[in-house]
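Given next are the chains, with one letter for each unit.
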Amino acid sequence: MSSTVAEPAGPSTTGEGGGRRVGPGRRTGGVRVRDYGIVVALVAIVVALSFSTDTFLTTSNLVNLLDQCSVVGLLAAGATICIIAGVFDLTASASLAVSAIVGVQVGAATSVPVGFAASVVAGALLGLLTGTIVVRSGVNSFIATLATSIIYRGLAVVVTAGAIAYPLADEADDFAMFTWPSLFGLTSATVVFLVVTALLWVLLSATTFGRRVYAVGGNDEAARLSGIRVGQIRIAAYMISGVCSALAGLILASRAGSAQSSMASGIELSAIAAAVIGGTSILGGEGAIWRGVVGALLLTLIGNGFNLLGWDTTYQQVVQGLLILLAVTVDQFLRRRAR
Amino acid sequence: MSAPSHRQERSSPGDRGVGTRRAPQITVRGVGKSYGGVPVLRDIDVDIAPGTVHSLVGENGAGKSTLLKILGGAIRSDTGSVAFDGELTTIGSPRDAIAHGVSLISQEGALVPARTVLENVFLGRWGHRGGLVRTADDRSVFAELLAYTGFDIDPTARVDRLSIGAGQQVEILRALARGASVIAMDEPTAVLTEGEKANLLDLIERLAAGGTTVLLVSHFLDEVLKVSDGITVLRDGKLVVTAGAQTCTARELVTHMVGRQIDVLYPRPEPVRDDAPVRLRASGLGGGPVSGVDLEVRAGEILGIAGLVGSGRSETLRLLFGADPLQDGTIEVDGVPIPTMTPRKAMRAGIALVPESRKEQGLVMMRSVRENVALASLSSRRRGPLVDRRTERGRVAAATSEVDVRAARADSPMNTLSGGNQQKALFAKWLLREPTILLIDEPTRGVDVAAKAQIHRMIVDLAARGMAVVVVSSEIEELLELSHRSIVLRGGSPVGEYPRGTPRETVIAAAFGDAEPPPAPDIVPATQHHPEAADDEGDTR
């Protein structure tokens, strides 16, 4: 047995994820239950809410749930890619505000579709700028993007002169297009969220770019010596995150019928929380887009559950915080036990 | 909490010094340990006499480190018992171990990098008066410890600025400061320079003579035979034999470890064909510590680069691959000069670099074997931007089976493999690119005996098939046996070139300068700190 099996020398494995041990027969078909613990938790909450309320499984509630999830879900997908690539993007909500404002203002000057396109381009450019700053300065991404996010917020204030940006009155209906019902009765926002995350899922799991992202986050020196342009991969991750932010910003602006410099403040932390709840390692090199989506769904479900059960929503944040702690603690416990 | 009580036990500073506790008789009975249902240790019985040096040897994964960690309290055994002086104990934590006078010095090290040597040596038990730290007490004990060990370390230096060898000395000092009666060391000499190594082995003998029991895990059988009183050989988690060191030979130990007679001789490189073209030529190479290095490697030739720590041997390879920026000189591949070498250009020109540290520079440890092996060849298997999984699977399977990587499955994470298999996977990654020039930094570091022999064979075979190979190794013997010729670097510049068959004393003397290797521990100053291990004559047999 041991002659053909990966050597189970516990002492020689160190570091994060060092506990992953392959034992013959312990893993069938490549599926390990502990890898999917978060899905089990999600299903458990869904089942619990289905039984304890009459309203959870109604079409309107589920449509509403996914719609609510779309903003954090998009941001969580962007955050997941950055985290896997070994960097943090704290600019997400500031980029969201700037690109939403760009979308409204360009839309007012031209037309709504052009405005939306400009918003997405603005998100990508902001990501390019953030990424370039992080890569070129060599400052830890957490600090560099914290500073950059403050700059972007300031930029949003400058651009709007502190006022709320509205689309033209006769374009207001078009501008609300993300709230329109679309395929299968889902909102357009939900469709955008699902399509984008599906594309990113494929990008990360099936393309050479995805392989490079994992390698860069897992060991940037090994990646560099394998001929991978580490800086470019990270900048690309920031650009993807920027596009996700822009789309999330358009959804929010579309719902509110306006954009302003202080919008969605602090939501980048929810996005990172969603990524981590899903099981993406903050150390980089491990994780998946679906994990970020599951994390975002879980966070949204808690809010939804509070509403449906008629619980006092004052406790909602306490529960969300506890859930994050619980998820990460259980994950670590399982990893350690497997070591 | 318990620090004050320990302090009371050794109230006078002198007592906190060295070897004051009587070492216990250690009796291990039926100890077993499994990870995820896979047994790594089975039914181990060992008796270790007080005040002796006892070594545990075996291939990677034989369970020797696991046993050492069980004795040292870092991990718990599933079955069996360990008794100190007949008193059955369960050492469940490092704290229990310290209370029993057992100190474990592991490969990974357990130092607080940003704090001083003094703080680290007395970690958790600093001298104090009513909660205020009093370094004066610690300093006097520290001075005694230095006098005893012959180490030369500045107590105020930050630990992260020390060389690996000096860091290990800090750990030894800490064990002694805790009055350890049993010191367990995992591969202590693997990262040391020749001088540090000699000093450490000498210290081990003195510790044992002073009544401390030393438990040792080492791949270097010569050392083991030199310092040990007793040797336990493990294989596949089982005890093969425990014997007195006087009655063993290295060959017997290897036979026990591998379970069969294996050829410990180095394969001979085939002669280079007369018409073999020059593949790689570098002249006036300079950058970092390196200056004025000229070299030329022909197809089918194996060139060795020898030198001490900081001599620039690894840096030379890194310059050739473009891993570090080239400041001076030119590099030509097949007669074509390549300006401003980068890893990408090097790879396109057919150069591959198997780097010094597989964990830090070579592999993405949490990713799968398949992803790692394919990592350097992603674009050549491009099917649009999508990874062509079927082709990849086939090519990776072929590459890994060619170098005999043993993994449960191709999507097992890299960190579940043994060191030898990781190293072979690293070779597979680069061989997949079918390079014409292979640069290898430390081909067999931290690799077990069988894998070592396989890697040596592979290098010789690759050269025989026409590859130009440049090898850097801290094992002089490996270098001299495998290479057609070796150049020796000192202080970043070449000092000589020696053909295969040169006595290794000659090469070592050249690496050290004119004279014999200095016996004193050579602590590398912070500015020269380098992760390389020493230049040594590490004999694997």
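Residues numbered from 1 in each chain as written. Chains lettered and ligands numbered in written order. Predicted model: local features only at pLDDT ≥ 70, side-chain atom pairs only at ≥ 80, totals over all residues.

Colleague: I tried to follow the overall build of chain A on my own but got confused; where do I start?
Modeller: A tally of helices and strands in chain A yields 13 helices and 0 strands. Tracing chain A from N to C terminus, the helices and strands come up as α-α-α-α-α-α-α-α-α-α-α-α-α. For chain A, with 339 residues in total, the buried portion stands at 49%. Considering only residue pairs separated by 6 or more positions, chain A has 75% of its internal contacts joining residues 24 or more positions apart. (Helix = DSSP H or I, 4+ residues; strand = E, 2+ residues; numbered from the N terminus. Buried ≥ 20, exposed ≤ 12 C-beta atoms within 10 Å, placed from the backbone. Contact = placed C-beta atoms within 7 Å.)

Colleague: Would you mind going over the overall build of chain B with me for this structure?
Modeller: On a plain count of helices and strands, chain B comes out with 18 helices and 24 strands. Across the 541 residues that make up chain B, the buried fraction comes to 54%.

Colleague: I keep staring at the sheet that holds strand E16 (residues 328-333) of chain B and nothing clicks. Help me out?
Modeller: Adjacent strands of a sheet pair through backbone hydrogen bonds, lying either parallel or antiparallel. Residues and elements named next belong to chain B. Read from one edge of the open sheet, 4 strands run E14-E13-E16-E17, paired in antiparallel fashion. Among the strands making up the open sheet, the edge pair consists of strand E14 (290-298) and strand E17 (336-337). As judged from the 6 bridges shared by strand E13 (residues 278-287) and E14, these two strands associate in the antiparallel manner. Residue pairing in the sheet places leucine 280 in a bridge with valine 297 of E14. (Pairing = 2+ DSSP bridges.)

Colleague: Explain the packing of helix H8 (residues 208-218) of chain A against helix H10 (residues 230-256) of chain A to me, please; I cannot follow it from the model alone.
Modeller: Residues and elements named next belong to chain A. Axis separation between H8 and H10 bottoms out at 10 Å; the angle between their running directions is 110°. Between H8 and H10, the interaxial angle falls into the category roughly perpendicular. Contacts between H8 and H10 involve Arg212, Val213 and Val216 on the former and, on the latter, Val230, Ile233, Arg234 and Ala237. Within the contact of H8 with H10, the residues separate by chemical class into 5 nonpolar, no polar and 2 charged. (Axes fitted to C-alpha atoms, helices over the stretch in contact; angles between N-to-C directions. Parallel < 35°, antiparallel > 145°, perpendicular 65-115°, else oblique. Nonpolar A, V, L, I, M, F, W, Y, C, P; charged D, E, K, R; others polar.)

Colleague: Would you mind going over the confidence of the model for chain A with me for this structure?
Modeller: Predicted coordinates in areas of low pLDDT are best not read in detail. On average, residues of chain A score 86 in pLDDT, and 88% of them reach the 70 mark or higher. Scored below 50 in pLDDT, residues 1-30 of chain A shows 80 contacts in the model against residues more than four places distant or in partner chains. (pLDDT = per-residue confidence, 0-100.)

Colleague: Explain the environment of alanine 428 of chain B here, please?
Modeller: Tracing the sequence through the fold places alanine 428 of chain B in helix H15 (residues 419-431). Considering only alpha carbons, one finds alanine 428 of chain B and serine 106 of chain B, 322 residues apart in sequence, at a separation of 30 Å.

Colleague: Which parts of the structure should I look at to understand helix H16 (residues 449-464) of chain B?
Modeller: Side chains that are three or four residues apart share a direction in an α-helix, a result of its 3.6 residues per turn. Residue and element names in this part refer to chain B. End to end, H16 covers 23 Å across 16 residues, agreeing with the expected 22 Å (1.5 Å per residue, within 8%). Here H16 has its buried residues at Val449, Ala451, Lys452, Ala453, Ile455, His456, Ile459 and Ala463. Those residues of H16 hidden inside the fold are in contact with helix H9 (250-258), strand E15 (302-307), H15, strand E21 (437-441), strand E22 (468-472) and helix H17 (476-482). Count one or two residues on from H16 and you reach glycine 466, which has phi positive near 110°. (Expected span 1.5 Å × (residues − 1).)

Colleague: Just checking my understanding: could you explain the packing of helix H7 (residues 188-206) of chain A against H10 of chain A for this structure?
Modeller: Residues and elements named next belong to chain A. Here H7 crosses H10 at 170°, and the two axes come no closer than 10 Å. Here H7 is positioned roughly antiparallel relative to H10, judged by the angle of their axes. Contacts between H7 and H10 pair Ala189, Val192, Val196 and Leu200 from the former with Ile240, Cys244, Leu247 and Ile251 from the latter. Of the residues contributing to the contact of H7 with H10, the split by class is 8 nonpolar, no polar and no charged.

Colleague: Please explain the pairing of strand E3 (residues 53-57) of chain B as it appears in this structure.
Modeller: The two faces of a sheet get side chains in turn, since along a regular strand they alternate between them. Residues and elements named next belong to chain B. Of all 5 residues in E3, 5 are buried; the element is thus mostly enclosed. Pairing between E3 and strand E10 (residues 213-217): 4 bridges, direction parallel. Paired with histidine 54 across the bridge in E10 is leucine 215. Relative to strand E11 (residues 230-235), E3 runs parallel, the two being bridged by 4 bridges.

Colleague: Got a minute to help me understand helix H7 (residues 194-209) of chain B in this structure?
Modeller: Helix length check: H7 of chain B (16 residues) gives 23 Å between terminal C-alpha atoms against 22 Å at 1.5 Å per residue, within 8%. Of the surrounding secondary structure, the elements contacted by the buried residues of H7 of chain B are E3, helix H5 (135-149), helix H6 (164-177), strand E9 (182-186), E10 and helix H8 (221-227) of chain B.

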